[in-house]
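# Close look at the chain arrangement
Chain residues, written in single-letter form:
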Amino acid sequence: MISPYKRQLLGWLSYAFASEVFVVVSLTLFLPICLEQFASDNGYLRPDYDQPCSSSSGNGTSYETERCAVKIGWAWIDTASFSLYVYSISVALQALTVISMGSIADRPTCRKPLLLTFAFIGASSAMLFLLLPSSSPLWFLCAVFAVFANVGFGASVVAMNAYLPSLASASPEVAQARMNLGQPNPSSQPIPESVDVEDDEPSVYSQDSASAPLMGISTPPKVDQNVFDATLSKATSRISSLGIASGYGAGIILLLLALIPVTKLHGSTFSLRLAIGLSGAWWAIFSIPAAIWLPSGTHNDVSSHDPTVGKTEDRWTLRSEIVAAWKRLGVMLRWSQIKQLQHTFRYLAAWFLLSDGFTTITSTAVLFGKTTLHMEPSWLVLIGAITPAMGITGSLVFPYLQHKFSWSNLKVVVILVIMVSCIPAYGCLGFLPFVKSLPFGGLTTPGEMFGLAIYFGFAYGAFQSYARACYAELIPQGEEARWYGLFSITDKSSSFVGPLIVGLIADATGNIRYAFFFLVFMIWLAVPVLLSVDVGRGRTDARNYRIQRSLVSTTES
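What counts, and where the lines are drawn
- Residues numbered from 1 in each chain as written.
- Predicted model: local features only at pLDDT ≥ 70, side-chain atom pairs only at ≥ 80, totals over all residues.
- Heavy atoms only, no water.
- Helix = DSSP H or I, 4+ residues; strand = E, 2+ residues; numbered from the N terminus.
- Contact = heavy atoms within 4.5 Å.
- Areas by Shrake-Rupley, 256 points an atom, 1.4 Å probe, with all protein chains shown as cover.
- Pairing = 2+ DSSP bridges.
- Disulfide = S-S within 2.5 Å.
- Buried < 20%, exposed > 50% of the residue type's maximum accessible area, 1.4 Å probe, protein only.
- Core = buried A, V, L, I, M, F, W, Y, C linked by side-chain atoms within 4.5 Å.
- Expected span 1.5 Å × (residues − 1).
- Patch = residues over 30% accessible without salt bridge, like charges linked within 9 Å, V, L, I, M, F, W, Y side chains within 5 Å.
- Salt bridge = Lys/Arg side-chain N within 4 Å of Asp/Glu carboxyl O.
- Phe/Tyr/Trp six-rings, centres within 6.5 Å; stacked < 30°, edge-to-face > 60°.
- Lys NZ or Arg CZ within 6 Å of the ring centre and 35° of its normal.
- Axes fitted to C-alpha atoms, helices over the stretch in contact; angles between N-to-C directions.
- Left-handed = near helix turned anticlockwise from the far one by under 90°.
- Nonpolar A, V, L, I, M, F, W, Y, C, P; charged D, E, K, R; others polar.
- pLDDT = per-residue confidence, 0-100.
- Polar contact = N/O pair within 3.5 Å; in protein donor to acceptor, adjacent residues only side chain to side chain.

### Observations concerning the overall build of the chain
Summing up its helical and strand segments, the chain has 23 helices and three strands in all. The contacts in the chain between residues at least 6 apart in sequence include a share of 80% that link residues at least 24 apart. Split by element, the accessible area of the chain, about 23,200 Å² in all, is 66% carbon and sulfur.

Spelled out as structure tokens, the structure:
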């Protein structure tokens, strides 16, 4: 019989298996292509705007030298920019939603319903693509569906990630390490949940709480505490890596399945809609185990750990929680806290640039392959399968390299950033006359896209793992949920900037290749910021910050 812990872990992994497919299959591959094709099917060739873009082709654009534009309201927008603008809007709304729901997601009684609600919104929006042909006068609703799907995904993942600290704390190896510290065995208790209280107070458990080591309250011998911290860190990374691996694996499976209709239908708009709809159906179906196995949480789960929360649990309202979430964010971003945790915020500044840059590289590469290199959708699908497959490889290889050469987490991040910056730099070489005369080079042939997909996937998979691991060394214990929430907000709030600027560049120049210069600049701008981060000093500052907050909370109580 499966233990309660394993059942809940499987429920968490099943949602990663369900939802990550939307990112791998739709968000990074089919959705930008489909939105561009929706626009081109209703667009006209520049500069006269009198010849339909698809006039000589029943299933795609026919322009080779002239650019295609679609009229939205009073403005003519490049069809390649259309999908970038839609993505920017969706990410901006996703960031607002994530901030507003953070406080609610920290309540165990609301976390699961919130996850399932947003999963339903996202999956349903993706499946609605099946009902909307590009020939419909309401074709522009594709942008609305894309926005709701992306917002649903981002919000549901925030709720999913809120389970991670409690799952790691309840893992067998952490339970054993806790026993070695002389702490009570929490195996007979519910998995503890992270709950926020007042705006200026961290969550505090009693000295003999089973989760006290996680919350950073107890003070055991330093050596034993270091062992416990390392065990908890490894458990968190292990569970997180399992989620990433299962999600990537699901994405590859559906990509290969989607390749069949996309190839058979020659990359038609319907085949792209079908692929997006399938990702929504996959998302919905495999969310069912999560709905069954994830813990729902009870009032006792909250009040047993924090009496203050227990007194207000029944009186909260949606409006009050949204207001509280924004106030709490304001407290975290006060200048006094930024100065006290300056290395943590330096890392967040670098993450702001890097998360936006890496996301923009992905979306720009797909559009560049379709509109400039005129790659078949089936080729882009294959590239979409290669990238996550190499991501799994990179996440396994770099830990070996780190151990062999004794690299720190920060050094690995810097190396990976420099590696990825070579991709847009290579694309800039395509402007050089002597490169144009060569049979390949400067990202001028479709074959080069496959090589860069292998290279990018290998680096990006490892980057996702190490960026989170390095950040974990810089945040105060006991406030992991808040600070990882800020980590996510920084990611979401930045991710619309790059696509927006790339869209403006493509509109202004008529050539999306010019965006490669912007991407090189954005990524390299993060390197000196990363190098200014002192992880050792940042870890000490975070520890002092935790002690100070604990003393203030104890005094006020």
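Here the narrative resumes, following the displayed structure.
### Looking at the sheet that holds strand β2 (residues 68-72)
Backbone hydrogen bonds are what pair the strands of a sheet, in a parallel or an antiparallel way. Taken in spatial order, the three strands of this open sheet run β1-β2-β3, and their pairing is antiparallel. The two strands at the open ends of the sheet, each matched to only one other strand, are β1 (44-45) and β3 (75-78). Pairing analysis gives two bridges linking β1 to β2, with the strands arranged antiparallel. Looking across to β2, one finds that Leu45 is bridged to Cys68.

### Points about the pairing of β3
Regular strands place side chains that alternate from one sheet face to the opposite one. As judged from the four bridges shared by β2 and β3, these two strands associate in the antiparallel manner. The residue bridging Val70 from the neighbouring strand is Ile77, located in β3. In this structure, the hairpin formed by β2 and β3 is closed by a connection of two residues, where Gly73 is found at a positive phi of approximately 70 degrees.

### Topic: the state of the cysteines
In a disulfide, the sulfur atoms of two cysteines are held together by a covalent bond. For the structure shown, the criterion picks out one disulfide. Shown here is the disulfide that connects Cys53 with Cys68, its sulfur atoms set 1.8 Å apart. Measuring handedness by torsion sign, the sulfur bridge of Cys53 and Cys68 sits at about 100 degrees and is right-handed. Note that Cys53 is positioned in the loop between β1 and β2 and Cys68 in strand β2, a separation of 15 residues in sequence. A relative accessible area of 0% places Cys68 in the buried class.

### What about the nonpolar core?
One finds Phe30, Tyr347 and Phe463 to be the most contacted residues of the largest nonpolar core, which totals 148 residues. Counting residues per element, this core draws most heavily on helix α1 (residues 4-41), which supplies 21 residues. With residues up to four places along the chain from it excluded, the contact list for Phe30 reads Val25, Leu255, Ala258, Val262, Leu272, Ala275, Ile276 and Val381.

### Describing helix α9 (residues 269-285)
Its 17 residues place the ends of α9 24 Å apart at the C-alpha level, agreeing with the 24 Å of an ideal helix rising 1.5 Å per residue. Listed as buried for α9 are Thr269, Ser271, Leu272, Arg273, Ala275, Ile276, Gly277, Ser279, Gly280, Trp282 and Trp283.

### Considerations on a nonpolar patch on the surface
Among the surface-exposed residues, Ile2, Leu10, Ile285, Phe286, Ile288, Ile292 and Trp293 lie close enough to one another that they form a single nonpolar patch of about 640 Å² accessible area. A total of three residues in the nonpolar patch trace back to one element, the largest contributor, which is helix α10 (residues 288-293). Here Ile2 shows up in the segment before α1. The class of Ile2 is partly exposed, set by a relative accessible area of 43%.

### Focus on the packing of aromatic side chains
As enumerated under the stated definition, the model contains 21 aromatic pairs in all. Ring geometry for Phe17 against Trp282: centres 5.5 Å apart, planes inclined by 35 degrees, an arrangement best described as tilted. Taken as a pair, Phe17 in helix α1 and Trp282 in helix α9 lie far apart in primary sequence, 265 residues in all. Looking at Phe17, the relative accessible area reads 23%, which means it is partly exposed. Accessibility expressed as a relative area gives 12% for Trp282, which makes it buried. Members of the aromatic cluster, each reached through a chain of ring pairs, are Trp351, Phe358, Phe456, Tyr460 and Phe463. It is Lys404 that lies over the ring of Phe405; its NZ or CZ is 6.0 Å from the centre.

### Regarding the side chain of Ser287
The residue Ser287 is located in the loop between α9 and α10 in this model. The contact partners of Ser287, leaving out residues within four places of it in the chain, are Tyr15, Ala18, Leu116 and Ala119.

### A closer look at unusual backbone geometry
One non-glycine residue, His374, lies in the positive phi region at around 55 degrees. Locating His374 in the fold gives a position in the loop between α15 (342-371) and α16 (377-405). On the basis of relative accessibility, which here comes to 31%, the residue His374 falls in the partly exposed class. Of note in this structure, Leu443 is not a glycine but carries a positive phi near 60 degrees. Along the polypeptide, Leu443 turns up in the loop between α18 (433-436) and α19 (446-472). A relative accessible area of 4% means that Leu443 is categorised as buried.

### Concerning the environment of Phe22
By the secondary structure assignment, Phe22 is in helix α1. Taking C-alpha positions, Phe22 is 9.8 Å from Ala250, a pair spaced 228 residues apart along the chain. Apart from residues lying up to four places away in sequence, Phe22 is in contact with Leu27, Leu31, Ala126, Ala149, Asn150, Phe153, Ser279 and Trp283.

### Description of the packing of α15 against helix α17 (residues 409-428)
In contact at an axis separation of 11 Å, α15 and α17 are set at 35 degrees when each is read in the N-to-C sense. Seen along the crossing, α15 lies across α17 with a hand that is left-handed. Contacts between α15 and α17 pair Tyr347, Leu354, Phe358 and Ile361 from the former with Leu410, Val413, Val417, Val420 and Pro424 from the latter. A class-by-class count of the residues in the contact of α15 with α17 yields nine nonpolar, no polar and no charged.

### Quick word on the confidence of the model for the chain
On average, residues of the chain score 78 in pLDDT, and 80% of them reach the 70 mark or higher. Within the model, pLDDT remains below 50 along residues 299-313, and this stretch shows 24 contacts once partners closer than five positions in the same chain are excluded.

### A look at the side chain of Ser26
Among the secondary structure elements, Ser26 is positioned in helix α1. One polar contact links Ser26 to Ser279, side chain to side chain, over a distance of 2.7 Å. Apart from the residues lying within four places of it in its own chain, the contact partners of Ser26 are Val21, Leu31, Pro32, Ala275, Ile276 and Ser279.

### Describing the environment of Thr362
You can see Thr362 is positioned in helix α15. By relative accessible area, which is 18% here, Thr362 ends up buried. Spatially, the C-alpha atom of Thr362 lies 9.8 Å from that of Leu27, the residues being 335 residues apart in sequence. In contact with Thr362, not counting residues within four places along its chain, are Thr28 and Phe456.

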